[in-house]
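Chain by chain, the residues run as shown.
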Amino acid sequence: MRRWLGDRLGRLGALERRRAVDPGAIPVPPPRPLPELPAATSRDSLDRLRHARGQGLPDVVRLRAGAVPAFPDAVVRPADAAEVEGVLAACAAAGVRVVPRGGGTSVTGGVNVLAGPAPAIALDLGALSGLVRLDAESGLAAFGAGTLGPRLEADLGRHGLTLGHFPQSWEFSTVGGWAATRSSGQESLGCGSIADLVAGLELVAPGGRLSLPAMPASAAGPDLRALVLGSEGRLGVITELTVRVRRRPVARRAEGWLVPSWDAGVAVVRELVAGGAPLGMIRLSSPEETETAMAVGLRGRLWGPLARGWLRLRGARPGACLLLAGATGAPGDRPEAPREALAAAGAAARRRGAVALGARPGRRWLADRFRHPYLRDALLDLGVATDTLETAAPWSALARLEAAVRGALAAAAAGEGEEVAVLCHLSHPYRDGASLYFTLFFRCPADAEEAVARWARLKRAATAALVGAGGTLSHHHGVGSWHAPWYPREAGEAGVRLLAAAARELDPAGVLNPHVLLDPADRLER
Ligand SMILES: Cc1cc2nc3c(=O)[nH]c(=O)nc-3n(C[C@H](O)[C@H](O)[C@H](O)COP(=O)(O)OP(=O)(O)OC[C@H]3O[C@@H](n4cnc5c(N)ncnc54)[C@H](O)[C@@H]3O)c2cc1C
């Protein structure tokens, strides 16, 4: 990986190995006074440090350098919805800012505590955890909002059930956080996004409670669930969710192909989705992402050159793109169903000139799918920063969008005499379009403020290009505080006023996550 990056970014050899500072050595200022809060309240410095930021690149850079600009004055852990209500009432009365926090994996500045005159608490929802009720006949399960992905699947697994929602952050994110950010899991093609999976919910806010029962469908007025999904803690705290569950798959299989070009791959994906192929996941990597997967996966291995030669012999050419598809089989399905679904996908790919790679790349993807993000820390040790950007757009806009983002990133990097390596894949396909997901790598200045400033310049350029070329501001990461300045462009001025009015109604004192979603200030460097 280092060699691959050195070829693209240059001058990596000269960089020293960098280490993160010891968290215990980071100075944390004394907490400011708070009113009496009716829930477990911690003022421990390390606890406050751990709840100061999310997991975006600038968060990690600042934490590693010990350059954290602000801390919550306390970490508050309510045990139930009544305690959430009591804490919110006390904070609203005293003007204390409240940052609801699930797993803290936000990559949009959504859980960051920002400097400000009003005290702030991190409302850690981790104690609202576990299965609350199960209606197995209807396939409905109610969970505490702070339930982490592994706990949720373990609780369902005991009943032979699954939610099937697997964002890459699954290990550390919560069902409440997924709903608050309208998250999508890697198998969204088969299961839908969290918006499709949430049937009912409970929201507690200083201005009142919303108790929205689970219904299979309803025409009783506008869908208030949809108002809460994606509200990012701005309208209230989700305390409980009822989700649609299904039988746990007994087989999960993924296979790979090399398609001759990006356009050919897009045509295969469109054909499969339009035909309703029974797949759980499809992912098409750009030529650069394909090349990286090969470089990291094959380089140095004895069979690497052999594998490359074999692929060349079978017709794989430069510019080829890796296509992965996955399928699952539930109990009662015919055991060969996933294999047959993948065989049909393979036939569609071969009609467009693809070379079959078999089950190995799929197995590798399944084994590593939650592990890749850990690479970020190892790369930062070597002085390389990596971040991701994502969007979705209609099929007709995707090619223009991909080129616009790539061009904007290259121009922004060139503006400071740097290079940027950009990988892209298409995933989460729909009948009318798909999501594009970009991974970028750039040389990370040793100074944390300079590093954040470089990231912010690249992020601004890419986001402007992405929305300018017809993409949504976010397909699944959400708005947070970092994307908020662009949000009015997508929601429209009247849309923002409508949402702000809902926030005023539920949170008249404006204490809930005041910097996310509706605050137009540019906070990329805060
Ligand atoms: C390595 C990595 C990979 C990722 N991959 C994916 C992916 O594949 N798909 C995807 O969708 N996202 C992904 N994300 C983004 C992130 O994991 C999601 O946004 C996730 O839904 C956040 O869940 P969380 O519990 O960590 O929420 P947090 O980060 O704690 O909070 C996110 C936002 O929701 C609010 N919030 C949290 N819980 C509640 C609640 N109970 N009530 C009200 N508001 C609340 C917070 O105030 C904040 O604004 C990834 C992040 C990382 C770091």
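Residues numbered from 1 in each chain as written. Predicted model: local features only at pLDDT ≥ 70, side-chain atom pairs only at ≥ 80, totals over all residues. Heavy atoms only, no water.

Trainee: Just give me the short version of the layout of surface pockets, but keep the residues and values in it.
Mentor: Here the second largest pocket is characterised by a volume of approximately 800 Å³. Lining the second largest pocket are 32 residues, with Arg182, Thr472, Ser474, His475 and Glu490 sitting closest to its centre. Secondary-structure elements contributing two or more residues to the lining of the second largest pocket are helix H7 (188-191), helix H8 (194-197), helix H9 (224-228), helix H18 (487-491) and helix H19 (493-506). The element best represented in the lining of the second largest pocket is H18, accounting for three residues. (1 Å grid on protein atoms, 1.4 Å probe; cavity = no way out; pocket = protein on both sides within 12 Å on 5 of 7 lines; lining within 4 Å. Points joined across faces, edges and corners; volume = space filled by probe spheres on them. Helix = DSSP H or I, 4+ residues; strand = E, 2+ residues; numbered from the N terminus.)

Trainee: I'd like to hear about unusual backbone geometry, residue by residue, with values.
Mentor: Even without being glycine, Arg182 reaches a positive phi, approximately 55°. If you trace the backbone, Arg182 turns up in the loop between helix H6 (175-181) and H7. The class of Arg182 is partly exposed, set by a relative accessible area of 47%. (Buried < 20%, exposed > 50% of the residue type's maximum accessible area, 1.4 Å probe, protein only.)

Trainee: Outline the pattern of salt bridges, listing residues and values.
Mentor: Two side chains carrying opposite charge are able to pair once their charged atoms lie near each other. One pass over the structure, following the stated rule, counts 31 salt bridges. Here Arg406 ties to Glu288 by a salt bridge, and the two come within 3.6 Å at their closest N and O atoms. Residue Arg406 is located in helix H16 (residues 395-414), and its partner Glu288 is located in helix H11 (residues 287-298); the two are separated by 118 residues in the primary sequence. Its salt-bridge partner being Asp368, residue Arg364 comes within 3.5 Å of it at the nearest N-O pair. (Salt bridge = Lys/Arg side-chain N within 4 Å of Asp/Glu carboxyl O.)

Trainee: A description of the pairing of strand S5 (residues 131-135) should follow, citing residues and the corresponding values.
Mentor: Summarising the sheet, S5 and strand S6 (residues 140-144) pair through four bridges and their orientation is antiparallel. Within S6, the position partnered with Asp135 by the bridge is Leu140. Where S5 hands over to S6, the hairpin turn is made up of four residues, of which Gly139 adopts a positive phi near 70°. (Pairing = 2+ DSSP bridges.)

Trainee: Would you mind going over the sheet that holds strand S4 (residues 120-124) in detail, with residue names and values included?
Mentor: Taken in spatial order, the four strands line up as S1-S2-S4-S3 in an open sheet, and their pairing is mixed. Edge positions in the sheet fall to strand S1 (40-42) and strand S3 (97-101), since each of these pairs with one other strand and no more. Going across the sheet, the axis of each strand differs from the next one's by a mean of 25°, ignoring polarity. As paired strands, strand S2 (residues 74-77) and S4 are joined by three bridges and run parallel to one another. Of the residues in S4, the one forming a bridge with Ala74 is Ile121. Contacting S1, S2, S3 and S4, helix H4 (residues 81-94) runs over the sheet at an angle of about 170° to S4. (Axes fitted to C-alpha atoms, helices over the stretch in contact; angles between N-to-C directions. Contact = heavy atoms within 4.5 Å.)

Trainee: Lay out the site of the ligand with the relevant residues and their values.
Mentor: By nearness alone, 34 residues border the ligand, and Pro100, Gly102, Thr105, Ser169 and Thr174 come closest of all. Between Gly102 and the ligand, the recorded distance is 2.8 Å, taken from a backbone N or O atom to an oxygen atom. Within the backbone of Gly110, a nitrogen or oxygen atom sits 3.3 Å from an oxygen atom of the ligand. Per element, the largest residue contribution to the shell around the ligand is five residues, and it comes from H6. Grouping the amino acids of the shell around the ligand by side-chain chemistry returns eleven nonpolar, 21 polar and two charged. (Near = heavy atom within 4 Å. Polar contact = N/O pair within 3.5 Å; in protein donor to acceptor, adjacent residues only side chain to side chain. Nonpolar A, V, L, I, M, F, W, Y, C, P; charged D, E, K, R; others polar.)

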